[in-house]
Amino acid sequence: MNVTLPTAQSLRAALSGLLDGLPPKQAAQAVDRLIASYRGETPTSAPILRDRSDVLAYAAYRMPATFEAVRSALDALVEAAPDWAPATHTDVGGGTGAASWAVAGAWDGPATTVLDWAEPALALGRELAEASGVPGLRAARWERARIGAALELAPADLVTVSYVLKELTVQARTELVDAAAAAGQAVVIVEPGTPDGYARIIEARDRLIAAGLRIAAPCPHSDACPIAPGTDWCHFSARVSRSSLHRQVKGGSLSHEDEKFSYVVATRFPADPAPARVTRKPQIRKGQVLLELCTRDEGLARSTVTKRHGELYRAARDVAWGDAWPSPDTP
């Protein structure tokens, strides 16, 4: 891989350089307010990130986790369409650019446009992109736009919408998803891995399919989700390393945390979804591995892989929550 492509470590380094002047106490207070805002109902006319202090706190609080979640979704797209690469990318509601960092890490050179309604977030995003040293990020366009209803999107190979739908009214949500579907050859939408976040992803998934796109990930198919409404929710987990400043802002002591997220990837071009996907953390027992799967033909399924399956058993011991699995009939 090109060493100039951004990584989680380079993102943390760029953040550290810009956050040195922000007192941890002030950052923690801003984070508390942001958490309260995100958990409440946020009207589309009120950007959550109001000033530079808010944006700096947000960057420390959310950028590493958003980067990892979006990168996981993009990895699934790369697996489903390994020969495809976007030349253009629109990051809708991209804020400080975490999703754009993830895109620049997945493909070398897409021309990115970041849209957000908070100018302080765009300003910090520009600074971080410049500090990255990555040509694609440094060349990105950062444009102010009202996100939601009546948003006009130019055609793009890839459209990302990460952690945005929660901030919108139902009408604005549907109009944004429809606009993304009309503009993008591939659309990647990421939301928190909560029942509400999953419900928004399913709503978006249905609209993407209705617009003529096909599901590339995480689902093995474009049929209805096999999870009965209200019984469970589909979500995944990404490991996030935390810097010392991140630990101060989040009020924790561990060197890492796990970001839970739900997502959907849909394309207008041919893609090959995984035959099955691991939907829960594999349970490793003595001589066997228990897998919870979403499958192409059988819906939700359970598979037990034992030592007698040889190489497959060794693969099962290494498979992770969210990974593709060969097929529902394996073994």
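Residues numbered from 1 in each chain as written. Predicted model: local features only at pLDDT ≥ 70, side-chain atom pairs only at ≥ 80, totals over all residues. Heavy atoms only, no water.

If you check an unreviewed UniProt entry, the chain appears there as Small ribosomal subunit Rsm22 family protein from Streptomyces durocortorensis.

Q: Got a sec to walk through the pattern of salt bridges? Specific residues and values, please.
A: Using the criterion set out here, one finds 12 salt bridges in the structure. Across the pair Glu119 and Arg126 runs a salt bridge whose closest N-O atoms are separated by 3.0 Å. (Salt bridge = Lys/Arg side-chain N within 4 Å of Asp/Glu carboxyl O.)

Q: Which residues make up the pairing of strand β12 (residues 299-306), and what are the values?
A: Here strand β11 (residues 288-295) runs beside β12; their pairing, made up of 8 bridges, is antiparallel. Along β12, the bridge assignment pairs Leu290 with Thr304. Hairpin connection from β11 to β12: 3 residues lie between these consecutive antiparallel strands. (Pairing = 2+ DSSP bridges. Helix = DSSP H or I, 4+ residues; strand = E, 2+ residues; numbered from the N terminus.)

Q: How would you explain the nonpolar core if you had to name every residue and give the values?
A: Proteins that are soluble and globular tend to have nonpolar side chains buried together. Residues Leu158, Val190 and Tyr263 are the most contacted members of the largest nonpolar core, which totals 54 residues. Among the elements of the structure, α1 (8-19), α3 (52-80), α4 (98-106), α5 (119-132), β5 (184-192), β6 (214-217), β7 (236-241) and β8 (256-267) are those that each provide at least two residues to this core. With 12 residues, the single largest contributor to this core is α3. Look past the residues within four positions of Val190 in its chain and what remains in contact with it is Ala69, Val70, Ala73, Val161, Ser162, Tyr163, Ile201, Phe261, Ser262 and Tyr263. Counting 29 residues, the second largest nonpolar core, distinct from the first, contains Val92, Ala156, Ala181 and Ile189. (Core = buried A, V, L, I, M, F, W, Y, C linked by side-chain atoms within 4.5 Å. Buried < 20%, exposed > 50% of the residue type's maximum accessible area, 1.4 Å probe, protein only. Contact = heavy atoms within 4.5 Å.)

Q: Give me the lowdown on helix α7 (residues 170-183), citing residues and values where you can.
A: Because an α-helix completes one turn every 3.6 residues, residues spaced three or four positions apart along the sequence face the same direction. Its 14 residues give α7 an end-to-end C-alpha distance of 20 Å, which sits within 8% of 20 Å, the value for a rise of 1.5 Å per residue. Every buried residue of α7 is listed here: Ala172, Arg173, Thr174, Leu176, Val177, Ala179, Ala180, Ala181 and Ala183. Buried-residue contacts for α7 involve β1 (88-92), β4 (156-162), β5 and α8 (195-210). (Expected span 1.5 Å × (residues − 1).)

Q: Please give an account of the environment of Asp116 that cites residues and values.
A: Counting through the fold element by element, Asp116 comes out in strand β2 (residues 111-116). For the pair Asp116 and Gly93, spaced 23 residues apart in the sequence, the C-alpha separation amounts to 4.5 Å. When near neighbours in sequence (up to four residues on either side) are disregarded, Asp116 contacts Gly93, Gly94, Gly95, Ala121, Leu122, Glu143, Arg144, Ala145 and Ile147. Among the polar contacts listed, one links the side chain of Asp116 to the backbone nitrogen of Ala118, at a separation of 2.9 Å. (Polar contact = N/O pair within 3.5 Å; in protein donor to acceptor, adjacent residues only side chain to side chain.)

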